[in-house]
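# A closer look at the structure
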Amino acid sequence: MTDTQGAAAGRRRHRVREDALADAMRIARRLLIEEGPAAVTVRAVAREMGLTAPGLYRYYAGHRELVQALVSHLYDELAAALTAARDLRPVGEPGQRLREVCRELRRWALAHPQEFALLFAKPVADADTTPGAAAHESSWRFGGVVLELMVELWRRGAVRAPTDLDQAWAAQLEEVREHLAGEPVPLEVIYVFVACWARLYGAVAVEVFGHLDFALTDPGPLFEHTVAEVLTLLGGPAA
């Protein structure tokens, strides 16, 4: 075999592998949506691909790796959606950009409740994003869309940070600071970032999981109020 033939064969193998991985993700996601997270197994995905379970092990070492790949895929999709929403507003308006990102998070979650649950409710233990897991970096790519806008608002000097933060928080917040590419953000400000994210996530989650049905037929105004409160804490435009 010539070098040219060898290179062509390598490209074909790469295409076959990429097509198989894409097919596996498509099937895994459909199983998640139609039957729930417990249905996303190596055996079920392999069967629909026309493979035996050992055949799928060429691509995924086991159930954990398959679920992590699906989680990573979904985080990347969500990050792309948030980035597109962010870019609807000018670069010089971080508060308005963050508002659009928050709204897109809610829209995506309501349109994809099963996917949202896999990412954020973690009904499958293998879907965690601990350091070293396949989905860890993709989760931070998603988080970075929100975090970078918060940092930009902090640079403008309007974040309402506490002055008496309990030092017991320090070690927990250091990991967030490690993802800020050298930005000297005080831990007190990072605490505000985390608190703001908790509010946003909570507002989305209670709606997606139906926990506001007892009181509200349209939780949209409540969500907008939450976003306004978050922007006030970050020094952005609340109105």
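Residues numbered from 1 in each chain as written. Predicted model: local features only at pLDDT ≥ 70, side-chain atom pairs only at ≥ 80, totals over all residues. Heavy atoms only, no water.

## Re the confidence of the model for the protein chain
As a general rule, the predicted coordinates of low-pLDDT regions are not to be interpreted in detail. With 90% of its residues at a pLDDT of 70 or more, the protein chain has an overall mean of 88. The secondary-structure element of the protein chain with the lowest mean pLDDT is helix H1 (residues 3-35), recorded at 79, while helix H5 (residues 94-111) shows the highest, at 97. (pLDDT = per-residue confidence, 0-100. Helix = DSSP H or I, 4+ residues; strand = E, 2+ residues; numbered from the N terminus.)

## Here we look at the nonpolar core
Among the nonpolar cores identified, the biggest contains 74 residues, and Val45, Tyr60, Leu98, Phe193 and Leu234 are the most heavily contacted of them. When residues no more than four places from it in sequence are discounted, the contact partners of Val45 are Ala24, Ile27, Ala28, Leu31, Leu56 and Leu66. (Core = buried A, V, L, I, M, F, W, Y, C linked by side-chain atoms within 4.5 Å. Buried < 20%, exposed > 50% of the residue type's maximum accessible area, 1.4 Å probe, protein only. Contact = heavy atoms within 4.5 Å.)

## Structural notes on empty space enclosed by the protein
Inspection of the entire model under this criterion finds one cavity of 30 Å³ or more. Size it by volume and the largest cavity reaches roughly 30 Å³. Every residue along the wall of the largest cavity is listed here: Leu82, Val101, Cys102, Leu105, Val146, Trp197 and Leu200. Per-element tally for the lining of the largest cavity: the top contributor is H5, with three residues. (1 Å grid on protein atoms, 1.4 Å probe; cavity = no way out; pocket = protein on both sides within 12 Å on 5 of 7 lines; lining within 4 Å. Points joined across faces, edges and corners; volume = space filled by probe spheres on them.)

## A look at the packing of aromatic side chains
Here the structure, examined in full by the defined rule, presents ten aromatic pairs. With centroids separated by 5.9 Å and ring planes inclined at 70 degrees, the aromatic side chains of Phe142 and Trp197 adopt a geometry described as edge-to-face. Separated by 55 residues along the polypeptide, Phe142 in helix H7 (residues 136-155) and Trp197 in helix H9 (residues 187-208) bring together distant segments of the chain. For Phe142, a relative accessible area of 6% gives the class buried. With relative accessibility at 28%, the residue Trp197 sits in the partly exposed group. Among the aromatic residues, ring-to-ring pairing joins Tyr75, Phe116, Phe120, Phe142, Trp197, Tyr201 and Phe209 into one connected group. (Phe/Tyr/Trp six-rings, centres within 6.5 Å; stacked < 30°, edge-to-face > 60°.)

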